[in-house]
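Analysis of the macromolecular model
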Amino acid sequence: MVIVDVPLGARAYPIHIRAGLMADAGVLLAPLAGRGRIAVITDETVAALHLPALAAALTAAGMTFESIVLPPGEATKNWQSLELVVERLLTLGVERGDAVVALGGGVIGDLTGFAASILRRGCRFVQIPTTLLSQVDSSVGGKTAINAAAGKNLVGAFHQPVAVLIDPQVLATLPVRELRAGYAEVVKYGLLGDPAFFDWCEANGPAILAGDAEAQGMAIAASCRAKTAIVVADERETNDVRALLNLGHTFGHAFEAEAGFSDRLLHGEAVAIGMMAAHDLSAALGLCPAADAARLRAHLTAMGFALDPAAFGIGASPAQLIHHMRQDKKMRAGSLPFILMRGIGRAFVAHDVPLARVEAFLQGWL
Ligand code: NAD
Ligand code: GLY
């Protein structure tokens, strides 16, 4: 068992990482569930594959549980699902001292966390992430949200979980396209601050995609440690540290918006395209060696990422993409920070890149 502690004072929590951990989830959850009651929120796909194992673990630990099962997919992160979950939790009599469990990918984690943040002005929740993306990124750090008509993750709250339980074995049922999308967030940690980890990714990325449990476990532990360090330095994204985690996301969200936040373009696939755009823009601005951008392109291509938005049927003009970027939560007085690169492992927040310059870059890049 690897335990990564997230030391946030009164909001501190452990991330437990171990293959086969699901069988012991009841034992780990029992001290967190005030009355021995758990409400599990999940999606139909995950319920069919992994809810029986969690249910058995809860029963074995003498706990009772209720489940709320939602349709899978990004479209579930909406107002209607939030209302349904909150009303159902109230009907079930869930109290602040009870625990709400998110069993699923980032969609279920973000939605459940937000519901928990507003239920009775805030109740406890536990993340049991089941996709690579959620195991390396979204389950850690307390960002919760739903999407709004105007854009992605525009309605939400910072609400830390009380524990994160990661069983890499559940990835065995994850389609390779989802595994690859999650890998984009793994490689991101190397790019933004750890060139040695990027070297490791170049050597071990194919094993992660091939389902190698040891490589997956190492990638998850390294990613959780990297994210924890960043979250502890800047829990609420106020001092340009946590913002680094948005590498590739401003471009990526614009492509996701153009795809209607649908499963036509997965979040991780959009992030991969966005990270490539950020490197190429940095090279075009003379900030980053072109060789580093080329190295990233070679790695992402070798990992099977499509880096041309057109491959996903996205034919948006640069002006349309800039229009989407203007909806970004980070917009301040008409200006948008971009995460740019001085080289692999050397990301920084640039506050002075005019959107007109980004639009001109996209004219030649798309
Ligand atoms: P997801 O939750 O939609 O899961 C992807 C698909 O995989 C779904 O169809 C799901 O049913 C299925 N699935 C999940 N686990 C499975 C398993 N073990 N076996 C088989 N199928 C399984 O998507 P995701 O990629 O996990 O998360 C994307 C979301 O996360 C986006 O909404 C994004 O905005 C959010 N996100 C949030 C943060 C954060 O810090 N809160 C960070 C990154 C991304
Ligand atoms: N995934 C971005 C963040 O957690 O800040």
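The present account deals with the structure reproduced in this document. Being a predicted model, the structure only gives us computed values, none of them experimental.

Rules used in this analysis
The written sequence of each chain sets the order in which its residues are numbered from 1. Both sets of labels track the order of writing: A upward for chains, 1 upward for ligands. This being a predicted model, a pLDDT of at least 70 is required before a residue's local features are given, and a value of 80 or more before pairs of side-chain atoms are given or counted; all residues contribute to the totals for chains, interfaces and linings. Side-chain calculation: all heavy atoms of the structure are included, whereas hydrogens and water are not. Any carboxyl oxygen of Asp or Glu within 4 Å of a side-chain nitrogen of Lys or Arg constitutes a salt bridge here. Starting at the N terminus, helices and strands are each numbered in turn, a helix being any DSSP run of H or I of at least four residues and a strand any DSSP run of E of at least two. Whether a residue is buried, partly exposed or exposed follows from its accessible area with a 1.4 Å probe, protein chains only, as a fraction of its type maximum: under 20%, in between, or over 50%, in that order. Paired rings are identified among Phe, Tyr and Trp, the last through its six-membered ring, by centres lying within 6.5 Å, and are further divided according to the angle between planes into stacked (under 30 degrees), edge-to-face (over 60) and tilted (the rest). Strands are labelled as partners when DSSP assigns at least two bridges between them. In this analysis an axis means a line fitted to C-alpha atoms, helices contributing only their contacting stretch, and an angle means the value between N-to-C directions, from 0 to 180 degrees. Contacts are assigned to residue pairs that have any heavy atoms within 4.5 Å of one another.

What about the pattern of salt bridges?
- Tallied over the entire structure, the rule returns 17 salt bridges.
- E185 is the partner of K188 in a salt bridge, and the nearest nitrogen-oxygen pair spans 2.8 Å. Separated by 3 residues within a single helix, K188 and E185 lie in helix α6 (residues 176–193), roughly one turn from each other. When sorted by exposure, K188 lands in the same class as E185, which is buried.

Here we look at the packing of aromatic side chains
- Counted by the stated rule, this structure contains 4 aromatic pairs.
- Between the aromatic rings of F251 and F361, the centroid separation amounts to 6.4 Å while the plane-to-plane angle is 65 degrees, which identifies the pairing as edge-to-face. With F251 in helix α9 (residues 249–258) and F361 in helix α13 (residues 355–365), this residue pair connects regions lying 110 residues apart in the sequence. For the pair F251 and F361, a shared accessibility class is recorded, and that class is buried.
- Aromatic rings pair up to connect F251, F338, F361 and W365 into one cluster.

Brief notes about the sheet that holds strand β6 (residues 124–129)
- The mixed open sheet is built from 7 strands, whose spatial order is β1-β2-β9-β6-β5-β3-β4. This sheet does not close on itself; its edge strands, each paired only once, are β1 (2–6) and β4 (64–70). Direction aside, the axes of adjacent strands within the sheet are offset by 20 degrees on average.
- For strand β5 (residues 99–104) and β6, the ladder comprises 6 bridges, and the chain directions are parallel. By the bridge assignment, L103 is partnered in β6 with I128.
- The strands that helix α2 (residues 44–60) touches are β3 (37–43), β4, β5 and β6; relative to β3, the one it contacts most, it runs at about 160 degrees.
- Sheet contacts for helix α4 (residues 106–118): β3, β4, β5 and β6; angle to β5, the most-contacted strand, approximately 165 degrees.

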